[in-house]
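Observations on chain architecture
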Amino acid sequence: MQIGIEINDLVLQRLLSALSGGARKEIHRVAAYGMMVLCRKWLRREASRRHGSANRVGGKPTGHLEQAAESMLSRADAAEGAIEVFSPGFGRVFRSIQIQPKRARALTLPVAAESYGVRAGELARKGWVLFRPKRKSILFGVSPVDGKVKPLYVLKGGVTLRQDRSLLPPDEAIAKAAADAALAYINQILQGASRGS
């Protein structure tokens, strides 16, 4: 997913339009990096607060959002700067998304500590015997350790992840981070030029 922001600072816009393509690319690179630093910091903080699902079942958090923060990259060219996030489901920042099973008939939603963040096939490889009673939408397992039977997953034909804009800072904060980074870079160049003359 790509995240870009429009900077409405007229002075900065005029300056950019007067520069060569290479100089615009460099300023966009710096602005995109400023956005990325802010968004990574924000997402790491949000990730540390969002373990409700894991806590409900006594599972270990998967680190999905932390991985999304680490996957962020900035990119730029003469026309724009942006950040990219390589994380499944991160599009829910901007819209609700529908998740459907791809290889199976149903999604497996964990309801136990043992199954949280673990695929059913992985549990089977660890020795769990999995079974589904007739006309039930629950996948049970027999523990390889003590032989106890427990519900591991609820089976669903699909789920909707509601939009969650709070995974990233407000647009105004992202735009400010980009503009501040670009202006600091320009000031640095101007100070270097004034020292050299």
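Above: the structure in question.
Heads up: these notes are all about the structure in this document. None of these values were measured; they are calculated from a predicted model.

Okay, the nonpolar core next. Grouped burial of nonpolar side chains is what soluble globular proteins tend to show. Core analysis: the biggest nonpolar cluster contains 23 residues, and L43, M72, I83, F90 and L168 have the highest contact counts within it. Broken down by secondary-structure element, the contributors of at least two residues to this core are α2 (21-49), α4 (64-71) and α6 (171-196). With seven residues, the top contributor of residues to this core is α2. Excluding residues within four positions of it along the chain, M72 makes contact with M36, C39, R40, L43, I83, E84, V85 and L168. Listed in part, the nine residues of the second largest apolar core include A112, V118, A120 and L152.

The subject of this paragraph is the pattern of salt bridges. The full count for this structure, using the stated rule, is 11 salt bridges. The shortest N-O distance in the salt bridge between K176 and D180 comes to 2.6 Å. Of the two residues, K176 and D180 are both situated in helix α6; the distance of four residues between them amounts to about one turn of the helix. For D180, a relative accessible area of 38% puts it in the partly exposed group.

Reading the values: rules and limits
Residues numbered from 1 in each chain as written. Predicted model: local features only at pLDDT ≥ 70, side-chain atom pairs only at ≥ 80, totals over all residues. Heavy atoms only, no water. Core = buried A, V, L, I, M, F, W, Y, C linked by side-chain atoms within 4.5 Å. Buried < 20%, exposed > 50% of the residue type's maximum accessible area, 1.4 Å probe, protein only. Helix = DSSP H or I, 4+ residues; strand = E, 2+ residues; numbered from the N terminus. Contact = heavy atoms within 4.5 Å. Salt bridge = Lys/Arg side-chain N within 4 Å of Asp/Glu carboxyl O.

Just distances and angles here, no functional claims.
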